Amino acid sequence: MPVERIQHIAGTALPIRGDNIDTDRIIPARFLKSVSFEGLENHLFEDDRRQTDARQANSHPASNPAFARATVMLVNRNFGCGSSREHAPQAIRRRGIRAIVGESFSEIFFGNSIALGMPCVSAAPETMQALMSEVEGAPATEVVVDLESMTVRGGQRTYAIGLPPAARDAFLSGTWDATALLLSDFDAVRAVARRLPYVSGW
Amino acid sequence: MASTLFQKVWDAHSVRRLPTGQTQLFIGLHLIHEVTSPQAFDMLRARGDRVAFPDRTIATVDHIVPTKDQRRPFIDVKAEEMLASLERNCREHGIQLLDLQSGQQGIVHVIGPEQGLTQPGMTIACGDSHTSTHGAFGAIAFGIGTSQVRDVLASQCLAMEPLKVRRIEVRGRMGAGVYAKDVILTIIRRLGVNGGVGFAYEYAGDAVDAMSMDERMTICNMSIEGGARVGYVNPDQKTFDYLQARRFAPHGDDFDRAVRWWSTIASDPDAAYDDRVVLMAGEIKPTVTWGINPGESVAVDEPLPSDADPAALEFMGLSRGQRLSGTPIDVAFIGSCTNGRLSDLREAARVVRGQHVAARVKALVVPGSQAVRAAAEREGLDRVFTDAGFEWRGAGCSMCLAMNNDRLEGTQVCASSSNRNFKGRQGSPTGRTLLMSPAMVAAAAIAGEVVDVRQFDGMEAAGAR
């Protein structure tokens, strides 16, 4: 059951500088007290924003109106580490972000983002430095993530990006919603269950 | 061909290769809790799917449970709504729930092993990153997000890419006052908080062989803090002995047959690894974090590094070159899926016995499960703690992530036996966390400041380890 094919994402970008930004910072645990994901976008980076904005109003990029309509997020190294909470990519996606470009991502965050149809693509540290500086200087800069050519364009320049082939194929073919795929050969699943002694009986 | 446990378990659970190139992996045990499952059940309902293997999913409640007043309905209406939702979902789909009345409730990563659900050779998934804990039994266990919880409910499978395997050997003997917590903090410091991305960590060496199952769980638990989604120890006699007679473990002849199968899944002696690292246990000291990620740690008597991140230092109110011993604390927390087991409470109790918590320090012990709490009470540990001025609470995640009422206020400093010192983790956006072993937390609670447990008066029996 193909869902939406995702080939390229274009729009303005939200730069979030810093290595090892964990999912507790992306969405603090107190906002997980709900049986739905609704409204999480209102609390994205909430504590970081409050602390940064207290020094100078709207100085956290996620508070800055110039970045309010961004569809691409720019990050540094090991983004999304820590807790496996899908609430983190949900909050980002619900804020309007369609793709994240960064030096590297935690594995669980990366997988959760794929399941939401939000590619996390990697780029060299120099690329991130150049893109972030460009966007901070000119927030209206259009950033284009292209999974076909595996490039990101920012302003006048184009850079290479990385994405594991399986994830890239899933986006390009519209098969990133795994459930239907996993259910498409249930006999094979039953066969494995029968083969495992702890499932079928010792 | 010689292979690692990871490869053997992966192969045994591989359903097929997907068109994307990923592997469809069968999940042998699915653990769920109230925070990351309600949306997954909604997604399942929206698709019109049913739970494929309801008897391979087990639920408990841990993150939001109050640890003081557990009467229903909870005073916190959102917490009550989350538990009620879990109860409804479990009822509707025929999933067993180990709830507050069961006597078997607790942190999902404490009760899995304790109830014998966690067994060697399994694949285990749970919507919680500390699922790596279960790897202590020679299982391949990892955290997943809510959409993947939906996938497992619907199909008992996940679409995965294989991991590389890094063998981490810890050789020699740990010194007195040094614990599994210090070993894993040292490993994370050495390899970095993202050093494990793309890897499963296989912990081995005579120091790991000598560890109890509880200690192995502490090590595997924090694999994710080093970036490794999976951490495991090869199963041995200690593993099998632990599982014998546990509720969900095989019994009688089945147990013997199980042991034979479990023995075959350990890594072969000549297996090839993608990477190898060796640490000497004798060089590891009691370790404490100084920063805002678990890789930012030092030995308690070591000066903070000269290249320490200035932003982290500013947040923590510390400076380069300073030593952590002598740092005043406001709160002491003993508990969590890392260090909330019976042996952790015994070590902490040995430190506090006959002493008293320092003035102005709030100290609490939150057992990892109802069974841990009951066992500790049978040994009189609750009295040791309460006589010393600790609060003795009900089981749950509590102040590890502050989804109940247990949380830091303002800029409080907490000596904590938990796993994450992230900004805001313990409930106050400006609260500060110092991660350390339970014995070190106990010593800090008594002294009112960070102290080296090796030099602590209450540690008279430390040499006996």
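The residue count restarts for each chain, going from 1 along the sequence in the order it is written. Here chains are named by letter from A upward and ligands by number from 1 upward, in the order in which they appear as written. Totals for whole chains, interfaces and linings use every residue, but because this is a predicted model, local features are given only for residues with pLDDT of at least 70 and side-chain atom pairs only at 80 or more, for both listing and counting.

1. Examining the overall build of chain B
Logical step 1: In this description a helix means any DSSP run of H or I spanning at least four residues, a strand means any run of E spanning at least two, and both kinds are numbered starting from the N terminus. Looking only at helices and strands, chain B has 16 helices and 19 strands in total.
Logical step 2: The globule rule used for comparison is 2.2 Å times the number of residues to the exponent 0.38, while the radius of gyration itself is calculated over C-alpha atoms. Taking 465 residues into account, the globule formula puts the C-alpha radius of gyration at 23 Å, and chain B, at 21 Å, falls close to it.
Logical step 3: Taken along the three principal axes of its C-alpha coordinates, chain B extends 55 × 55 × 45 Å.
Logical step 4: Considering chain B as a whole, with its 465 residues, one finds that 62% of them fall into the buried category.
Logical step 5: What counts as a contact here is a pair of residues whose C-beta atoms, placed from the backbone, lie within 7 Å. Considering only residue pairs separated by 6 or more positions, chain B has 75% of its internal contacts joining residues 24 or more positions apart. Three exposure classes are used, based on other C-beta atoms lying within 10 Å of a residue's own C-beta, which is placed from the backbone: buried for 20 or more, exposed for 12 or fewer, and partly exposed in between.

2. Examining the overall build of chain A
Logical step 1: For chain A, the helix and strand inventory stands at nine helices and eight strands.
Logical step 2: Principal-axis analysis of the C-alpha atoms places the extent of chain A at approximately 65 × 40 × 25 Å.
Logical step 3: Considering chain A as a whole, with its 202 residues, one finds that 49% of them fall into the buried category.
Logical step 4: In chain A, the proportion of contacts linking residues at least 24 apart, taken out of those at least 6 apart, comes to 68%.

3. With respect to the pairing of strand β10 (residues 199–204) of chain B
In regular strands, side chains alternate between the two faces of the sheet.
Residue and element names in this part refer to chain B.
Logical step 1: Here β10 lies mainly inside the structure; six of its six residues are buried.
Logical step 2: Side-chain alternation along β10 places Phe199, Tyr201 and Tyr203 on one buried face and Ala200, Glu202 and Ala204 on a second face that is also buried.
Logical step 3: Any two strands are treated as partners once DSSP identifies two or more bridges connecting them. Sheet topology note: the strand β9 (residues 164–171)/β10 ladder contains six bridges and is parallel. For Arg167, the partnering residue across the bridge sits in β10 and is Glu202.
Logical step 4: Crossovers are described as right-handed under a simple rule: with the strands pointing away from the observer, the path leading from the first strand over the helix to the second runs clockwise. Handedness of the crossover joining β9 and β10 through helix α6 (residues 180–191) is recorded here as right-handed.

4. Considering the interface of chain B and chain A
Logical step 1: Each partner contributes to the interface: chain B provides 61 residues, whereas chain A provides 53 residues.
Logical step 2: Of the residues belonging to the side of chain B that touches chain A, the class tally is 24 nonpolar, 23 polar and 14 charged. Lys, Arg, Asp and Glu make up the charged group, whereas Ala, Val, Leu, Ile, Met, Phe, Trp, Tyr, Cys and Pro make up the nonpolar group; the residues left over, Gly among them, are polar.

5. Observations concerning the confidence of the model for chain B
Residues and elements named next belong to chain B.
Logical step 1: Per-residue confidence for chain B gives a mean pLDDT of 96; residues scoring 70 or more make up 98%.
Logical step 2: Contacts from residues 461–465, a stretch scored under 50 in pLDDT, to residues over four places away or in other chains number six contacts.
Logical step 3: Listed scores for the predicted complex are pTM 0.97 and ipTM 0.97. Confidence scores per residue from the predictor, reported as pLDDT, run from 0 to 100.

6. Overview of the pairing of strand β18 (residues 413–416) of chain B
All names here are of chain B.
Logical step 1: Residues of β18 alternate between two faces, with Val413 and Ala415 on one and Cys414 and Ser416 on the opposite face, all of them buried.
Logical step 2: Two strands pair when backbone bridges link them, and strand β15 (residues 331–335) and β18 are joined in this way by three bridges, in the parallel orientation. Among the inter-strand pairings, Val331 is bridged to a residue of β18, identified as Cys414.
Logical step 3: Relative to strand β19 (residues 432–435), β18 runs parallel, the two sharing four bridges. Residue pairing in the sheet places Ser416 in a bridge with Leu435 of β19.

7. Thoughts on the sheet that holds strand β4 (residues 99–102) of chain A
Residues and elements named next belong to chain A.
Logical step 1: Strands sit in the order β2-β3-β4-β5 across an open sheet of four strands; the sheet is parallel. Either end of the sheet is taken by a strand with one partner, and the two such strands are β2 (13–15) and β5 (120–122). The average undirected angle you get between the axes of adjacent strands in this sheet is 20°.
Logical step 2: As paired strands, β2 and strand β3 (residues 72–74) are joined by three bridges and run parallel to one another. Directly across from Pro15, in β3, lies its bridge partner Leu74. Axes, fitted as lines to C-alpha atoms, cover a helix only where it is in contact. Angles between the N-to-C directions of the axes lie from 0 to 180 degrees.

8. Here we look at the environment of Glu379 of chain B
Residues and elements named next belong to chain B.
Logical step 1: Within the secondary structure, Glu379 sits in the loop between α14 (370–378) and α15 (381–387).
Logical step 2: Take Glu379: there are 13 C-beta atoms within 10 Å of it, and that puts it in the partly exposed class.
Logical step 3: Considered as a pair, Glu379 and Arg346 are 33 residues apart in the sequence and their alpha carbons are 9.1 Å apart.

9. Brief notes about the domain arrangement of chain B
All names here are of chain B.
Logical step 1: Boundary definitions for the domains trace back to an automatic or database domain assignment. Looking at chain B, the domain boundaries give domain 1 (5–160), domain 2 (164–236 + 261–282) and domain 3 (286–464).
Logical step 2: Look at where the C-alpha atoms of domain 2 and domain 3 centre, and you get two points 23 Å apart.
Logical step 3: At the level of elements, α6 and α8 (213–221) are the ones that each hand at least two residues to the side of domain 2 that touches domain 3.
Logical step 4: When residues in the side of domain 2 that touches domain 3 are grouped by element, the largest group, six residues, is from α6.
Logical step 5: Its residues assigned to classes, the side of domain 2 that touches domain 3 comprises seven nonpolar, six polar and five charged.

10. Details of the environment of Glu114 of chain B
Residues and elements named next belong to chain B.
Logical step 1: Within the secondary structure layout, Glu114 lies in helix α4 (residues 108–114).
Logical step 2: Accessibility expressed as a C-beta count within 10 Å gives 24 for Glu114, which makes it buried.
Logical step 3: For the pair formed by Glu114 and Phe248, sequence separation is 134 residues and the distance between their alpha carbons is 9.3 Å.

11. Concerning unusual backbone geometry
All names here are of chain B.
Logical step 1: Cis geometry is adopted by the peptide bond preceding Pro73, which originates at Arg72 and carries an omega value of -15°.
Logical step 2: If you trace the backbone, Pro73 turns up in the loop between β4 (57–60) and α3 (77–93).
Logical step 3: Phi at Ser336 takes a positive value of approximately 90°, unusual for a residue other than glycine.
Logical step 4: Within the fold, Ser336 resides in helix α12 (residues 336–339).
Logical step 5: In this structure, Arg360 takes a positive phi of about 75° despite not being glycine.
Logical step 6: Structurally, the position occupied by Arg360 is in the loop between α13 (342–352) and β16 (362–366).

12. Things to note about helix α2 (residues 38–47) of chain B
Residues and elements named next belong to chain B.
Logical step 1: If you check which residues of α2 are buried, you get Pro38, Gln39, Ala40, Phe41 and Leu44.
Logical step 2: If you follow the buried residues of α2, they end up packed against α3 and α5 (146–155).
Logical step 3: Following α2 by one or two positions, Gly48 adopts a phi angle in the positive range, close to 75°.

13. Overview of the sheet that holds strand β1 (residues 8–11) of chain A
Residues and elements named next belong to chain A.
Logical step 1: Strand order in the open sheet formed by four strands is β1-β6-β7-β8, and the pairing between neighbours is antiparallel. Only two strands of the sheet have a single partner each, and these edge strands are β1 and β8 (157–160). Going across the sheet, the axis of each strand differs from the next one's by a mean of 15°, ignoring polarity.
Logical step 2: Pairing between strand β7 (residues 151–154) and β8: four bridges, direction antiparallel. Pairing of Thr151 across the sheet is with Ala160, part of β8.

14. A word on the packing of α6 of chain B against α8 of chain B
Residue and element names in this part refer to chain B.
Logical step 1: Two elements in contact, α6 and α8, have axes separated by 9 Å at closest approach and are oriented at 25°. Classified by the angle between their axes, α6 and α8 sit roughly parallel to one another. Along this stretch, α6 crosses α8, giving a crossing that reads as right-handed. Where α6 abuts α8, its residues Ala180, Lys181, Val183 and Ile184 lie against Glu215, Thr218 and Ile219.
Logical step 2: Here the contact of α6 with α8 is composed, by residue class, of four nonpolar, one polar and two charged. By definition in this entry, angles of less than 35 degrees are roughly parallel, angles greater than 145 are roughly antiparallel, angles of 65 to 115 are roughly perpendicular, and the rest are oblique. Here a crossing is taken to be left-handed if its near helix is turned anticlockwise relative to the far helix by less than a right angle, and right-handed if that turn runs clockwise.

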